[in-house]
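# Observations on chain architecture
The primary structure of each chain is shown beneath.
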Amino acid sequence: AAVEAGLEEEAEALFKRGFKLVDEWGGGEGSGGREGSAQAQAVTVPPAAHAELWTNYGVYCKEAGRPDDARAALERAVEIGTDGHALVQLASLRTGEGENGLDRSEKLPAEYVTSLFDSYSDAFEKELVGTLAYQGHVLVVDGLLDAAGGRTTDFGTVLDVGCGTGLCGEIWAKRGCTSRLVGVDLAQRMLELAESKGVYDELHCGDIVEYMDGKIDDASVDAVLSADVFIYIGDIGDVLKSCARVLKPGGRLSFTVEALKDGGEVRLLPCGRFGHSSSYIRELAARCGFEVQVERSVDALRHQGGVPVKGGLFVLRKA
């Protein structure tokens, strides 16, 4: 906004004053603050707040057409404390040939993902399904049903991990499927919208791995659905391990990913979502005791900026 309004000098001065105040009042870990000062003994700026200041400065520099300064500021924010917004903004700067996104596989912080989707919840379905022509939820449900030979009844217990507003659950019900359907998601506001659909037997707010590991018995689940969830996690090793534990022998995990086309295994893409390679998923599936029953390229998981986003559908079967 400052750039658009022609207030770049004023904005620069405000950021410099902010950094000076953080230094004077004690910036916490990684700030370089004067820890021995009287001010620092009384007040310490939390690392998260200090990281947010660097993130905001990085975004400002990016909008001002100063990518090198933006990159340096955002990297500083990540050094102070893993800031999801900073990571996403860093990835958006890496769009040149051979450096598409960031070669890092840690998941985006839960606080960032929760805030993102809670703030987006009311417009989520209209924007995602209506405007962006998203179809991941349909692919995941239909992929599972196809892998099960078209059967729609007597599925037992089905987990929808990262269920969001309940798009998968809605398609599950429309297909005439019968099961005990349990949804899990980080964002409470999204779960409230899922509950309003009346298709879930249970809904739980929390991290999907923590929920499965803490609440679900071994070999007690018949199927797991996960539509466009792993794109916010990165390294999905822990998720697949938990799914393998809770699934019954012969149980299936159906999920979508965004394609990673230019090498590597997992990468935070310029769009702010993770891409996963087919080879990475196949190797991880084998290590976790799955066989790949379905692997299908998807030309358009959704559209972004009018361009189709390529991805993949996988259905894994527990041996």
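Our focus in this paragraph is the overall build of the protein chain. Scanning the protein chain for helices and strands turns up twelve helices and nine strands. Here the protein chain holds 319 residues, and 49% of them are scored as buried. Considering only contacts within the protein chain whose residues lie at least 6 apart along the sequence, 64% involve residues at least 24 apart. Here the protein chain displays about 14700 Å² of accessible surface, and carbon together with sulfur accounts for 49% of that area.

On to unusual backbone geometry. At alanine 133, a position not held by glycine, the phi torsion is positive, near 55 degrees. As for its position among the elements, alanine 133 is in the loop between helix 6 (110–131) and helix 7 (136–147). Assessed through its relative accessible area of 40%, alanine 133 is described here as partly exposed. Despite not being glycine, aspartate 228 shows a phi value in the positive range, around 50 degrees.

Closest axis-to-axis distance for the helix 6/helix 9 (residues 188–195) pair is 7 Å, and the angle between their directions is 30 degrees. Judged by the angle between their axes, helix 6 and helix 9 are roughly parallel. Contact residues: helix 6 offers Phe117, Asp118, Ser121, Asp122 and Phe124, while helix 9 offers Gln188, Arg189, Met190 and Leu193. Among the residues making up the contact of helix 6 with helix 9, the classes are represented as four nonpolar, two polar and three charged.

The calculated volume of the largest pocket comes to roughly 910 Å³. Surrounding the largest pocket, 44 residues form its lining, Val113, Phe117, Asp228, Val229 and Tyr232 being those nearest its centre. Sorting the residues of the lining of the largest pocket by element identifies helix 6, helix 8 (167–174), helix 10 (208–215), helix 11 (237–246) and strand 8 (290–304) as the ones contributing at least two each. With nine residues, the top contributor of residues to the lining of the largest pocket is helix 6. Considering only residue class, the lining of the largest pocket consists of 26 nonpolar, nine polar and nine charged. Size it by volume and the second largest pocket reaches roughly 210 Å³. For the second largest pocket, the lining is made up of 17 residues, of which Ala259, Leu260, Ser297, Gly311 and Gly312 are closest to its centre. Elements represented by at least two residues in the lining of the second largest pocket include exactly strand 5 (247–259), strand 8 and strand 9 (307–318).

Parameters at a glance
Residues numbered from 1 in each chain as written. Predicted model: local features only at pLDDT ≥ 70, side-chain atom pairs only at ≥ 80, totals over all residues. Heavy atoms only, no water. Helix = DSSP H or I, 4+ residues; strand = E, 2+ residues; numbered from the N terminus. Buried < 20%, exposed > 50% of the residue type's maximum accessible area, 1.4 Å probe, protein only. Contact = heavy atoms within 4.5 Å. Areas by Shrake-Rupley, 256 points an atom, 1.4 Å probe, with all protein chains shown as cover. Axes fitted to C-alpha atoms, helices over the stretch in contact; angles between N-to-C directions. Parallel < 35°, antiparallel > 145°, perpendicular 65-115°, else oblique. Nonpolar A, V, L, I, M, F, W, Y, C, P; charged D, E, K, R; others polar. 1 Å grid on protein atoms, 1.4 Å probe; cavity = no way out; pocket = protein on both sides within 12 Å on 5 of 7 lines; lining within 4 Å. Points joined across faces, edges and corners; volume = space filled by probe spheres on them.

In short, the description is geometric, and any link to function would need to be established separately.
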